[in-house]
Amino acid sequence: MEFWFIIIIFAALIIGISLFFKNKKPPVMYIIPSAFTAVSIVLLFASFAIGGFSGMGMTVSSIGLLISSAAALIVVSLFGFLKSE
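Residues numbered from 1 in each chain as written. Predicted model: local features only at pLDDT ≥ 70, side-chain atom pairs only at ≥ 80, totals over all residues. Heavy atoms only, no water.

Draft legend 1. Summary view of the packing of helix α1 (residues 2-20) against helix α2 (residues 28-50). Contact geometry of α1 with α2 gives a least axis separation of 7 Å together with a crossing angle of 150°. Of the possible angle classes, the one that applies to α1 and α2 is roughly antiparallel. For the pair α1 and α2, the crossing hand works out as right-handed. Counting all contacts with α1, which are made through I14, I17 and S18, the residues of α2 involved are M29, I32, P33 and F36. (Axes fitted to C-alpha atoms, helices over the stretch in contact; angles between N-to-C directions. Helix = DSSP H or I, 4+ residues; strand = E, 2+ residues; numbered from the N terminus. Parallel < 35°, antiparallel > 145°, perpendicular 65-115°, else oblique. Left-handed = near helix turned anticlockwise from the far one by under 90°. Contact = heavy atoms within 4.5 Å.)

Draft legend 2. The arrangement of the side chain of S47 in detail. Tracing the backbone shows S47 in helix α2. The class of S47 is buried, set by a relative accessible area of 2%. In terms of polar contacts, S47 uses its side chain to reach the side chain of T59, at 2.8 Å. (Buried < 20%, exposed > 50% of the residue type's maximum accessible area, 1.4 Å probe, protein only. Polar contact = N/O pair within 3.5 Å; in protein donor to acceptor, adjacent residues only side chain to side chain.)

Quick look at the structure:
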């Protein structure tokens, strides 16, 4: 149950940050969710190096961040598509 709250909170934060930069000249609003995806993948690999229960907690957080950044990229792309029409 807490895992879904983490995903919802991360997604809301990423969407909020992305929509804050929606009027910038290069499409920064698409780069932000992609950057969070890259950070979550780095954290996922780092969690395997840490190991133990700390690594498992870090794995859960990084997978939640990965899912929420992918969902945020879809939502931000949908907003960008609807804005262009």
